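An overview of the molecular structure
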Amino acid sequence: MVLTSPIGRLRLVGILEGISFLLLLGIAMPLKYAAGIPEAVSVVGAAHGALFVLYALAVVHVKFAHKWSIGRSLFAFLMSVIPFGPFILERQLKKEQ
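It should be emphasised that the depicted structure is a prediction, and the values quoted were computed from it without experimental measurement. (Residues numbered from 1 in each chain as written. Predicted model: local features only at pLDDT ≥ 70, side-chain atom pairs only at ≥ 80, totals over all residues. Heavy atoms only, no water.)

**Thoughts on the pattern of salt bridges**
- Summed over all chains, the structure comprises two salt bridges.
- For the salt bridge of glutamate 90 with arginine 11, the shortest nitrogen-to-oxygen distance reads 2.6 Å. Note that glutamate 90 is positioned in helix α4 (residues 85-96) and arginine 11 in helix α1 (residues 6-35), a separation of 79 residues in sequence.
- Of the charged contacts in the structure, one is a salt bridge between glutamate 96 and arginine 72, with a shortest N-O distance of 2.6 Å. Of the two residues, glutamate 96 is situated in helix α4 and arginine 72 in helix α3 (residues 70-79); the sequence distance between them amounts to 24 residues.
- Residue classification places glutamate 96 among the partly exposed positions, given a relative accessible area of 35%.
- Under the relative-accessibility criterion, arginine 72 is labelled partly exposed at 29%. (Salt bridge = Lys/Arg side-chain N within 4 Å of Asp/Glu carboxyl O. Helix = DSSP H or I, 4+ residues; strand = E, 2+ residues; numbered from the N terminus. Buried < 20%, exposed > 50% of the residue type's maximum accessible area, 1.4 Å probe, protein only.)

Structure follows, in structure tokens:
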């Protein structure tokens, strides 16, 4: 992954955001609701929130740097709210890079 390019940074942030989303859904939320440990959601949720903001900023950066259409940018943004979506987008971006 080349971090000097906007697409490389989007790929990295996308992977991290995707992992944090899966941790939130698959570990932190069950710990909160099944085991009564709400702190897990607080910690993982805060990290996921920060990564989500970085992901959105990275999408905007790529949109302008690579002249993406609004549709492509919205697709990239929507992939962040679908479990495993950032990994699918990352595979597509890897071919483009």
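Next comes the rest of the account.
**Remarks on the UniProt feature "domain: DUF3817" (unreviewed entry) in the protein**
- According to UniProt, the "domain: DUF3817" (unreviewed entry) feature falls on residues 8-95.
- Across residues 8-95, the secondary structure splits into 86% helix and 0% strand, with the terminal C-alpha atoms separated by 11 Å. (UniProt positions renumbered as here; feature names shortened; annotations may be inferred.)

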